[in-house]
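What follows is the residue order along each chain.
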Amino acid sequence: MRFDILTLFPDLFAPFVKETIPGRAVAKGLVDIRLINIRDFARGTHLVTDDRPYGGGDGMVMKAGPICRALESVDRIGEHATVLLTPQGRLLTQPLAWELSKRDQLILICGRYEGVDERVRTGCADLDLSIGDYVLSGGELAAMVVVDTVSRLVPGVLGGERSNLEDSFEDGLLEYPHYTRPRVFKDREVPEVLLSGDHERIRLWRRTESLRRTLERRPDLLEKARLTEEDREILAQLRKE
Ligand SMILES: C[S@@+](CC[C@H](N)C(=O)[O-])C[C@H]1O[C@@H](n2cnc3c(N)ncnc32)[C@H](O)[C@@H]1O
């Protein structure tokens, strides 16, 4: 899978590409991350990429021209989508990340300042995407979140075949708690069941804890989660506790 990231600050991505799971996926040849400096497509002696907003007001707006020329420079491969990162976009969720991971190429546009000229959104973007209901100073962190979240779903990127299937949100629930050595840490013991070697008891404990966490922390998720008859019985029990 290929990510083409349009940004005014390509250097911000260096440690991200080097140190992370997407970085390792790049080394394995499973993911390709390309950085395009929007300033390279600016014109004039000052290579201006932003300007004052029509209608007045604070801040600067990224000009459409350099972004569109940068987009035109990107060769398209297979199933691709151009994504404008904006706090006003569709919220990134795990199901949407799965959808995006089926594409061959995502072209991500990182805004700065007050954002980008609206004509980039209306004329060039297939999807407006937000990583959450808060405002970042720039789209670069959002792009890293998208690349990280989506690329770990690309087959072969994570070591174990199942290692992302039990993650939080995969079946609509929060994941159960994890423990590793030592067995006792600051007087707190690992739950006995996890040491039992009894796979069925461990499965049931994990499912119960997953449901408990979701009920306590994100009850809204239960409305859409894929629940089995056993899950419903466990939930009924938990609600009585
Ligand atoms: C300071 S923000 C602009 C916010 C804009 N004035 C607004 O109110 O919608 C600058 C850039 O950061 C990025 N950004 C900020 N918050 C984001 C979020 N939650 N998700 C995705 N991108 C975000 C976008 O690329 C945006 O163009």
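Anything mentioned here points back to the structure above.
Novice: Is there a simple way to explain the environment of Gln237 in this structure?
Specialist: Along the chain, Gln237 falls in helix 9 (residues 229–240). Residue Gln237 is classed as partly exposed on the basis of its relative accessible area of 46%. Taking the C-alpha atoms as reference, Gln237 lies 9.8 Å from Thr208; in sequence the two are 29 residues apart.

Novice: What is the right way to read the pairing of strand 6 (residues 105–109) from this model?
Specialist: In summary, the side chains of a regular strand alternate between the two faces of the sheet. Burial analysis of strand 6 places five of its five residues in the buried class, the great majority of the element. Along strand 6, one buried face is formed by Gln105, Ile107 and Ile109 and the opposite face, lined by Leu106 and Leu108, is buried too. Pairing analysis gives five bridges linking strand 1 (residues 2–7) to strand 6, with the strands arranged parallel. Looking at strand 6, one finds that Asp4 is bridged to Ile107. Relative to strand 6, strand 5 (residues 80–91) runs parallel, the two sharing five bridges. Across the sheet, residue Thr82 finds its bridge partner in strand 6, namely Ile107. Between the parallel pair strand 5 and strand 6, the chain is carried across by helix 4 (residues 94–101), and the sense of this crossover is right-handed.

Novice: Help me understand helix 4 in this model?
Specialist: At 3.6 residues per turn, the α-helix brings residues three or four places apart onto the same side. What helix 4 keeps buried is the set Gln94, Leu96, Ala97, Leu100 and Ser101. End-on, the buried residues of helix 4 take up no more than an arc of 155°, which puts them together on one face. Tucked into the core, helix 4 has its buried residues touching strand 5, strand 6, strand 7 (127–130) and helix 6 (139–151).

Novice: When you look at the pattern of salt bridges in this model, what are you seeing that I'm missing?
Specialist: Should the charged atoms of two oppositely charged side chains come close, the side chains can pair. Inspection of every chain in the model, using the stated rule, returns 18 salt bridges. Across the pair Lys18 and Glu19 runs a salt bridge, and its minimum N-O distance is 3.8 Å. Considered together, Lys18 and Glu19 belong to a single accessibility category, that of exposed residues. Between Glu118 and Arg121 there is a salt bridge, and its shortest N-O distance comes to 2.7 Å.

Novice: Hey, could you run me through the site of the ligand in this one?
Specialist: Surrounding the ligand, one finds 20 residues, the nearest of these being Leu85, Gln88, Gly111, Glu114 and Tyr134. Ile131 is positioned with one of its backbone polar atoms (N or O) 3.1 Å from a nitrogen atom of the ligand. Within the backbone of Gly139, a nitrogen or oxygen atom sits 3.4 Å from an oxygen atom of the ligand. Considered on its own, the ligand offers 580 Å² of accessible surface; in the complex 85% of this is hidden by protein. Mapped onto the shell around the ligand, the elements with two or more residues apiece are strand 5, strand 7 and helix 6. If one sorts the elements of the shell around the ligand by residue count, strand 5 sits on top with four residues. Its residues assigned to classes, the shell around the ligand shows nine nonpolar, nine polar and two charged.

Criteria and thresholds
Here the residue numbers are simple positions, counted from 1 along each chain's written sequence. Selection of residues for local features in this predicted model requires a pLDDT of at least 70, selection of side-chain atom pairs for listing and counting requires 80 or more, and totals for whole chains, interfaces and linings are taken over all residues. To get the side-chain values, all heavy atoms of the structure are used, and hydrogens and water are removed first. Secondary structure elements are taken from DSSP: a helix is a run of H or I of four residues or more, a strand is a run of E of two residues or more, and numbering for both begins at the N terminus. Accessibility here uses a 1.4 Å probe with only protein chains present; expressed as a share of the type maximum, an area under 20% marks a residue as buried, one over 50% as exposed, and anything in between as partly exposed. Whether two strands pair depends on DSSP finding at least two bridges between them. By convention a crossover is right-handed if, when the strands point away from the viewer, the path from the first strand over the helix to the second runs clockwise. This arc is built from the directions going out from the helix axis to the C-beta atoms. Whether two residues are in contact is decided by their heavy atoms: any pair within 4.5 Å suffices. The rule for a salt bridge is simple: a side-chain nitrogen of Lys or Arg has to be within 4 Å of a carboxyl oxygen of Asp or Glu. We call a residue near a molecule or strand whenever a single non-hydrogen atom of that residue lies within 4 Å of it. Under the rule applied, a polar contact is a pair of N or O atoms within 3.5 Å (in protein, one hydrogen donor and one hydrogen acceptor; residues adjacent in sequence only if both atoms are side-chain atoms). Only the protein chains shown count as cover for residues, with accessible areas throughout obtained via the Shrake-Rupley method and a probe of 1.4 Å. Following the grouping adopted for this structure description, the nonpolar residues are Ala, Val, Leu, Ile, Met, Phe, Trp, Tyr, Cys and Pro, the charged ones are Asp, Glu, Lys and Arg, and the polar ones are all others, Gly among them.

Honestly, it's all geometry; don't read function into it.
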